[in-house]
Amino acid sequence: MHGPVPYCIAFRRWNLSGVPSGDARVPPFGQVRSLRQAAGSIQALSPAQLPLPGLAPLHMMGRPRPHAEIAREPERALRRIAAVPLQILVTGGAGYLGCVLVPHLLQQGHEVYVLDKFLYGGSGLLECCADPRFHPIRGDCREESVLQQALAGCDVIIPLAAIVGAPACDADPFAARSTNLDAIRLLLRLRGRSQSIIFPTTNSGYGIGEQGKYCTETTPLRPISLYGRTKVDAEQAVLDAGNAVTLRLATVFGMSPRMRLDLLVNDFVYRAVTDRAVTVFEGHAKRNYIHVRDVARAFVHVMENFSRMNGEPYNVGLSDANLSKLELCAAIQRKLPRFVYLEAPVGEDPDKRDYIVSNAKIEATGFRPRYSLEMGIEELIKGYTILRRHQYSNLN
Ligand SMILES: NC(=O)c1ccc[n+]([C@@H]2O[C@H](COP(=O)([O-])OP(=O)(O)OC[C@H]3O[C@@H](n4cnc5c(N)ncnc54)[C@H](O)[C@@H]3O)[C@@H](O)[C@H]2O)c1
């Protein structure tokens, strides 16, 4: 008998590489109790039922032909597959999400290529350089030859590169469209059929929700800002192309080596720590939230369950954190009692976000966030003890 790890990994990898979960030839992941049982069920297949489509990427990487091997010696072959790390391309991997995701993927034993222009520097990934499985590439994901080279041999593509947020997109609409949408279309044209995509988008496209009604993945997306529109169009293109899963992320919070202070929770906690006060506009507008480390875990969850999640969008957020801005301030005040907040009509959300989100679909696949909003606020308070926006001030 073999321990649970090798056969789990083998089957996860196998699922990831595209065997439809309803394929009668393949025992569903989770029902196989041992590598031997998995191997036995494969051995029972007639030669005509092999090759199994899910093993195709191994051919593409120029590795030995596992189909023949599996037919002959399934147990050994499965163990070999289990030992093969996935090759993952993360575009924009030096950003806020990438600097948490990339070390997480390396920790899982994968080979990670990061294609990034390093717009915000790349110091968040310096720690990864000691890992032989980490491969940074300085380049622009909009350039065909650069992207083509980066894609070679990858099993999974995680396109994070983007001009992120409504203000940044409005400041340079050409860069926004070419990076957020055209580069994704280019990627879809260049990638091989077996190369799976896991694409993050924003759930801000849900815009103004109906009072008390949860937005699900079937709720129409009506983005208003250029950022929202480019992301929603890119998501549609990715889903239409197939062999892809999209993650509609709630507002992300938490510390990352490439920090973003423009995200709502990160921003409010920063103000609470440094100014002890915030003026809130549209204070009753609700949103959903998710910790940056849970976002990294969600990508890995998709990789491990790819065949049954394939072709679908999933909301990713904390089901117990559909909170208004004022409720968020109250949660911060519970950790920092001297923090004061008041509401005033001093601004307007470019995407008119006011909605509550259901995350039941991804939860039904077994995903559960590990980091609560309270844990995130505590973490941010610690982080801001270290970080300060000193550089443009005469005072420390
Ligand atoms: N952070 C969130 O709250 C959130 C929520 C929903 C979706 N997303 C999506 O997740 C992705 C990553 O977001 P983030 O918060 O890490 O953003 P970020 O701005 O921190 O990182 C973006 C990265 O993309 C790189 N980049 C930009 N243009 C590039 C180009 N042409 N070629 C190569 N690299 C380029 C930048 O250098 C940067 O490292 C984006 O696609 C974003 O739309 C983020």
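These figures come from a predicted structure and were not determined experimentally.

**Observations concerning the overall build of the chain**
Working step 1: The secondary structure content of the chain amounts to 16 helices and 14 strands.
Working step 2: The proportion of buried residues among the 396 residues of the chain is 45%.
Working step 3: Long-range contacts, defined as pairs at least 24 residues apart, comprise 79% of the intrachain contacts of the chain with a sequence gap of at least 6.

**Details of the environment of I158**
Working step 1: By the element assignment, I158 lies in strand β4 (residues 156-159).
Working step 2: Note: C-alpha distance between I158 and P200 (42 residues apart in sequence) is 8.0 Å.
Working step 3: Ignoring anything within four residues of it in the chain, the contact list for I158 reads I88, V90, I198 and F299.

**Observations concerning the site of the ligand**
Working step 1: Surrounding the ligand, one finds 31 residues, the nearest of these being G92, G95, L119, A162 and V252.
Working step 2: For the shell around the ligand, the elements supplying multiple residues, two or more each, are β2 (111-116), β5 (196-202) and β8 (251-253).
Working step 3: Here the element with the most residues in the shell around the ligand is β5; it accounts for three residues.
Working step 4: Broken down by class, the residue content of the shell around the ligand amounts to 16 nonpolar, eight polar and seven charged.

**Here's the deal with helix α12 (residues 292-304)**
Every α-helix winds through 3.6 residues per turn, so residues three or four apart in the chain are directed the same way.
Working step 1: The terminal C-alpha atoms of α12, which comprises 13 residues, lie 19 Å apart, in line with the 18 Å expected from a rise of 1.5 Å per residue.
Working step 2: For α12, a buried count of 12 out of 13 residues is recorded, marking the element as mostly surrounded by other parts of the structure.
Working step 3: Every buried residue of α12 is listed here: V292, R293, D294, V295, A296, R297, A298, F299, H301, V302, M303 and E304.

What counts, and at which threshold
Residues numbered from 1 in each chain as written. Predicted model: local features only at pLDDT ≥ 70, side-chain atom pairs only at ≥ 80, totals over all residues. Helix = DSSP H or I, 4+ residues; strand = E, 2+ residues; numbered from the N terminus. Buried ≥ 20, exposed ≤ 12 C-beta atoms within 10 Å, placed from the backbone. Contact = placed C-beta atoms within 7 Å. Near = placed C-beta within 6 Å. Nonpolar A, V, L, I, M, F, W, Y, C, P; charged D, E, K, R; others polar. Expected span 1.5 Å × (residues − 1).

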